[in-house]
Amino acid sequence: MATSPALLFPSPSSASSPPSSARVEAVVLFNVCDSYVRRPDQADRVIGTLLGSLLPDGTVHVRNSYVVPHSESADQVAIDIDYHHNMYASHQKVNPKEVIVGWFSTGFGVSGGSTLIHEFYSREVQNPIHLTVDTGFTRGEASIKAYISSNLSLGDRHLAAQFQEIPLDLRMIEAEKAGFEILKSTMVEKLPNDLEGMESSMEKLYILIDEIYKYVDDVVEGRVAPDNRIGRFISDSVASMPKLSPAAFDKLFNDKIQDNLALVYLSSITRTQISIAEKLNTAAQVL
Amino acid sequence: MANRKGLPKPFLCLALVILYAAAPGGMRSFLQAVSTVTEEAPTPLRVVQMEGLAVLKIIKHCEEFAPALVTGQLLGLDVGSVLEVTNCFPFPIREEDDEADADGANYQLEMMRCLREVNVDNNTIGWYQSCLLGSFQTVELIETFMNYQESIRRCVCIVYYPSRSSQGVLALKALKLTDSFMDLYRNNGLTGEKLREKKLSWVDIFEEIPIKVSNSALVSAFMKELEPESPVTQCDFDRLKLSTAPFMERNLEFLIGCMDDLSSEQNKFQYYYRNLSRQQSQQQAWLQKRRQENMARKAAGEEPLPEEDPSNPIFKPIPEPSRLEGYLVTNQISSYCNHINGVAGQNFSRLYLMKALHEE
């Protein structure tokens, strides 16, 4: 080429701009790992569809996923398109708000076959995201990355598709609610009941307060350089406790305690009542 | 050498003879074992083992549609005394149409077929449902259990409470009907005497099975990596929340409603007993009259009339109302009481914690 090549990026269409970041729920990760573990012997990796929604600020919220059978050889890739559509229709019946937002694959990095698959998904939805879940832990760490692709064209000729990584938010609030201890270990003997949960939360709070005490002590004694931001944060937190006079607080406290005691009393009475009623019902004999 | 070579043989023969002598007893017991393996009772279900994936999916589905109640199917394996739940899929919410039944069945078949293609365990082992504040013990639940029991040997129902999960407790329960209750229900024997015979009280209808959670090594490795650095999680925030009043209020409302139901059930029984005793006194009176007539007839030399008269309406047996409703209502009441107790206990700890913090 005599003229200097000009790389043209497609101008952002007015319909929708490509997603700028992605958020993945824990259930998607679990599904991907589970399907990887169950993959057929000859497959190296698994691919599947991602479902979710596109938030107005450009974030893609990935909420669900299902695996799609595919076969891959050196030069060609085949996906079971019917299966994909069937599963999508079934999922739509349950939750019509979850639409296709992209696809996932296990393995590290983006391979050649991925471009073809990505092209297929681009026909399903605009700007699909591609999520790679590195189940092989190739770099010794869990790497989950999300990409979007943009087409690079030289003049009129389509050269390549460039996969750009987009920031991924893996906060997994739902998983936190369920409790990470349950999801972390390979076997949990029994689900913690509420009292045990309270105990562990209170212990964590206690540890936090201890740390803050230690930090403040260290700063006062000059062992640690004071950091204004942390100091301000601590004073904000302490000030956020409502200021009540001791009398008002005591009254409030006693009222609540009495309410709770009344409830416990009511429930014990009810229990006694139902056991008596049951004895009467089955033991009564007129004959 | 010859001796040594010769020795094993008679020894072996002796051993074999002994074996064969013992064999009839042994063989018989082996045959017995083989023949009775189909008749022996299945090992009792002791634990339900769920995969983290199934737990998360159930939570996601129930939370998304709260406060509507949703259901879904559980898939997994039945291994000895452990029922493993490896996957699940949700059911779409059905409007009450006639055609929805066929649709529902189609959806189920379609999902099972698709999941089988990707090597997911294709066994139905039960279903899950979300429920609001513990009022899931209904007749429909029992009927669904009986329907499932006809096709699969062991099935379990997993109940999830989204309202309690907002308080930081993973509220999942695995239930199944006790065998004795199922026998009685099948034979329509929910009358007073039969229940007394079997010593079946309302506690024995549902059996709660402990849940274990297991995860594959791969996913637990991922989770360990991705666990956030912060020492407290959303779970802890939820647990230390002080405002539980709306939850308690609703629980109490439901409790009051259930007490009303219970008292109406008891009224039904009282009515039945009153009718029964009135009928009996009527029968006695009629019998007396008959006997007098008979004596008069005998004196007159005529045939005595029979002492029974099935066509008389006072001899019609009054059906005893089923105690099932009463038992179910009692179960509901007890679960509300348990909830209230649990939350009140937590409230106590939280209040004392607040007091300690305030004094500092």
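The rules behind each value
Along each chain, numbering runs from 1 in the same order as the chain's sequence is written. All chains are assigned letters beginning at A, and all ligands numbers beginning at 1, according to the order in which they are written. Reporting in this predicted model follows two pLDDT cut-offs: at least 70 for local features of residues, and 80 or more for side-chain atom pairs to be given and counted; totals over whole chains, interfaces and linings ignore these cut-offs and use all residues. Based on all heavy atoms of the structure, the side-chain values leave hydrogens and waters out of the count. UniProt positions are given in the numbering used here, feature names are shortened, and annotations may be inferred rather than shown by experiment. For helices the rule is a DSSP run of H or I covering at least 4 residues; for strands it is a run of E covering at least 2, with both sets numbered from the N terminus onward. Only protein chains enter the calculation, and the probe is 1.4 Å; a residue is then buried if its accessible area is under 20% of its type maximum, exposed if over 50%, and partly exposed in between. Residue contacts follow a heavy-atom distance rule, with two residues in contact if any of their heavy atoms lie within 4.5 Å. Per-residue and other accessible areas were derived by the Shrake-Rupley procedure at a 1.4 Å probe size, with only the shown protein chains allowed to occlude residues. For this analysis, a ring pair means two rings from Phe, Tyr or Trp (six-membered ring only for Trp) whose centres lie within 6.5 Å, classed as stacked if their planes differ by under 30 degrees, edge-to-face if by over 60, and tilted for the remaining angles. Over a ring means this: the NZ of a Lys or the CZ of an Arg is within 6 Å of the ring centre and within 35 degrees of the ring normal. Think of a 1 Å grid over just the protein atoms. A cavity is a set of points where a 1.4 Å probe fits yet cannot get out, a pocket is an open set with protein on both sides within 12 Å along at least five of seven lines, and lining residues have an atom within 4 Å of a point. Grid points are joined across faces, edges and corners, and a volume is the space filled by probe spheres set on the points. The source of the domain bounds is an automatic or database domain assignment. Take the accessible area each of two parts loses on contact, using a 1.4 Å probe, and add the two losses: that sum is the buried area. By definition here, a salt bridge exists when the distance from a side-chain nitrogen of Lys or Arg to a carboxyl oxygen of Asp or Glu is within 4 Å. In protein, a polar contact means a hydrogen-donor-capable atom and an acceptor-capable atom, both N or O and within 3.5 Å, with residues adjacent in sequence counting only if both atoms are side-chain atoms; elsewhere, any N or O pair within 3.5 Å suffices. Amino acids are sorted into nonpolar (Ala, Val, Leu, Ile, Met, Phe, Trp, Tyr, Cys and Pro), charged (Asp, Glu, Lys and Arg) and polar (every other residue, Gly among them). The set of buried Ala, Val, Leu, Ile, Met, Phe, Trp, Tyr and Cys residues whose side-chain atoms join them within 4.5 Å is what this entry labels a nonpolar core. In this description, one arc is meant: the one made by directions from the helix axis to the C-beta atoms. The pLDDT value expresses, per residue, how confident the predictor is, ranging between 0 and 100. Here, any two strands with at least 2 DSSP bridges between them count as paired. In this analysis, axes come from line fits to C-alpha atoms, helices being fitted only over the stretch in contact, and the angle between any two N-to-C directions falls in the range 0 to 180 degrees. With respect to orientation, any angle under 35 degrees is reported as roughly parallel, any angle over 145 as roughly antiparallel, any angle of 65 to 115 as roughly perpendicular, and every other angle as oblique.

Under an unreviewed UniProt entry, the name given to chain B is Eukaryotic translation initiation factor 3 subunit H, and the source organism is Miscanthus lutarioriparius. The UniProt entry for chain B carries the following text under Sequence similarities (unreviewed entry): "Belongs to the eIF-3 subunit H family."

Looking at an unreviewed UniProt entry, chain A carries the name Eukaryotic translation initiation factor 3 subunit F, with the source organism given as Miscanthus lutarioriparius. What UniProt states about chain A under its Subcellular location (unreviewed entry) heading is, verbatim, "Cytoplasm".

Engineer: Sorry, what's going on with the overall build of chain A here?
Structural biologist: The helix and strand inventory of chain A stands at 8 helices and 12 strands. Here chain A holds 287 residues, and 38% of them are scored as buried. Pairs at least 24 apart in sequence give 59% of the contacts found in chain A among residues at least 6 apart. Carbon and sulfur atoms form 57% of the exposed surface of chain A, whose accessible area is close to 16400 Å².

Engineer: Where do I start with the overall build of chain B in this structure?
Structural biologist: A count of helical and extended segments in chain B gives 12 helices and 8 strands. Counting over 360 residues, chain B shows a buried share of 45%. For chain B, contacts bridging at least 24 residues in sequence account for 76% of all contacts bridging at least 6.

Engineer: What is the right way to read the packing of aromatic side chains from this model?
Structural biologist: What characterises a pair of aromatic rings is the spacing of the ring centres plus the angle enclosed by the ring planes. Taken as a whole, this structure holds 10 aromatic pairs over all chains when the rule is applied. Here A:R39 stacks its cationic end above the ring of A:Y36, 4.2 Å away from the centre of that ring.

Engineer: Looking at this structure, how should I read empty space enclosed by the protein?
Structural biologist: A probe as big as a water molecule, rolled over the atoms, marks out the empty space that is left. What the rule picks out here adds up to 5 cavities of 30 Å³ or more. The volume enclosed by the largest cavity comes to roughly 320 Å³. Taken together, 27 residues form the lining of the largest cavity, with A:N64, A:S65, A:H91, B:K57 and B:C88 sitting closest to its centre.

Engineer: Looking at this model, I keep getting lost on the domain arrangement of chain B. Mind explaining?
Structural biologist: Interface extent is often summarised as the accessible area lost during association of the parts. Residue and element names in this part refer to chain B. Looking at the assigned domains, one finds that chain B contains domain 1 (42-177 + 210-235) and domain 2 (261-359). At the junction of the two partners, domain 1 supplies 11 residues and domain 2 supplies 10 residues. In this assembly, domain 1 packs against domain 2 so that about 970 Å² is buried in total across both faces, 57% of it on carbon and sulfur atoms. Counting across the interface, domain 1 meets domain 2 through 0 salt bridges. Our enumeration of links across domain 1 and domain 2 arrives at 0 residue pairs in polar contact (both at pLDDT 80 or more). Here the residues of the side of domain 1 that touches domain 2 are counted per class, giving 5 nonpolar, 5 polar and 1 charged.

Engineer: Looking at this structure, how should I read the nonpolar core?
Structural biologist: Among soluble globular proteins, nonpolar side chains are generally buried collectively. Within the largest apolar cluster, 81 residues are counted, with the highest numbers of intra-cluster contacts made by B:V48, B:M50, B:I58, B:L74, B:I158 and B:F222. The next biggest cluster of nonpolar side chains, apart from the first, holds 39 residues, and it includes A:L263, B:F145, B:Y161 and B:L177.

Engineer: It is not clear to me how helix 7 (residues 179-186) of chain B should be interpreted in this structure. Could you clarify?
Structural biologist: Structural remark: α-helix, 3.6 residues per turn; residues separated by three or four positions point the same way. Residues and elements named next belong to chain B. Among the residues of helix 7, those classed as buried are F181, M182, L184 and Y185. All buried residues of helix 7 project into a common sector of 165° when viewed along the axis, lining one side. In this structure, helix 7 carries D179 and R186 as exposed residues pointing more than 90 degrees from its buried face.

Engineer: Help me understand the side chain of A:N64, please; the structure alone is not making it clear to me.
Structural biologist: Following the sequence through the fold, A:N64 ends up in strand 4 (residues 59-68). Look at A:N64 and you get buried, because its relative accessible area is 12%. Not counting residues up to four positions away in its chain, the partners in contact with A:N64 are A:V28, A:T49, A:L50, A:L51, A:H91, A:E98 and B:K60.

Engineer: Would you explain the confidence of the model for chain B in this entry?
Structural biologist: Should the pLDDT be low somewhere, the predicted coordinates at that spot are not to be read in detail. All names here are of chain B. In this model, chain B carries a mean pLDDT of 74, and residues with pLDDT of at least 70 account for 74%. In this model residues 1-29 is a low-confidence stretch, pLDDT under 50, and it forms 1 contact with partners more than four residues away in sequence or in other chains. Counting contacts from residues 32-40, a segment whose pLDDT is below 50, to residues more than four positions away or on other chains yields 0 contacts.

Engineer: Honestly, the pairing of strand 3 (residues 82-90) of chain B in this entry has me stumped. Any pointers?
Structural biologist: Taken residue by residue, a regular strand's side chains alternate between the two faces of the sheet. All names here are of chain B. Of all 9 residues that make up strand 3, 7 are buried, and the element is covered over most of its length. Strand direction decides the pairing type here: strand 1 (residues 47-51) and strand 3, joined by 4 bridges, are parallel. Across the sheet, the residue bridging to V48 is L83, located in strand 3. Two strands pair when backbone bridges link them, and strand 2 (residues 71-79) and strand 3 are joined in this way by 8 bridges, in the antiparallel orientation. Bridge assignment links G76 to a residue of strand 3, and that residue is V85. Following strand 2, the chain reverses through 2 residues before pairing antiparallel with strand 3; G80 in that reversal takes a positive phi of roughly 60°.

Engineer: I keep staring at the packing of helix 5 (residues 139-151) of chain B against helix 7 of chain B and nothing clicks. Help me out?
Structural biologist: Residues and elements named next belong to chain B. The N-to-C vectors of helix 5 and helix 7 enclose an angle of 95°; their axes lie 12 Å apart at closest approach. Regarding the angle of helix 5 to helix 7, the classification is roughly perpendicular. Residues I142, E143, M146 and Q149 of helix 5 form the contact with helix 7, whose own contacting residues are F181, M182, Y185 and R186. Classifying every residue of the contact of helix 5 with helix 7 gives 5 nonpolar, 1 polar and 2 charged.

Engineer: Help me out: how do you make sense of the layout of surface pockets in this one?
Structural biologist: Looking at the largest pocket, its volume works out to about 1600 Å³. Taken together, 41 residues form the lining of the largest pocket, with A:L205, A:S240, A:M241, B:M354 and B:L357 sitting closest to its centre. In terms of residue class, the lining of the largest pocket is made up of 26 nonpolar, 7 polar and 8 charged.

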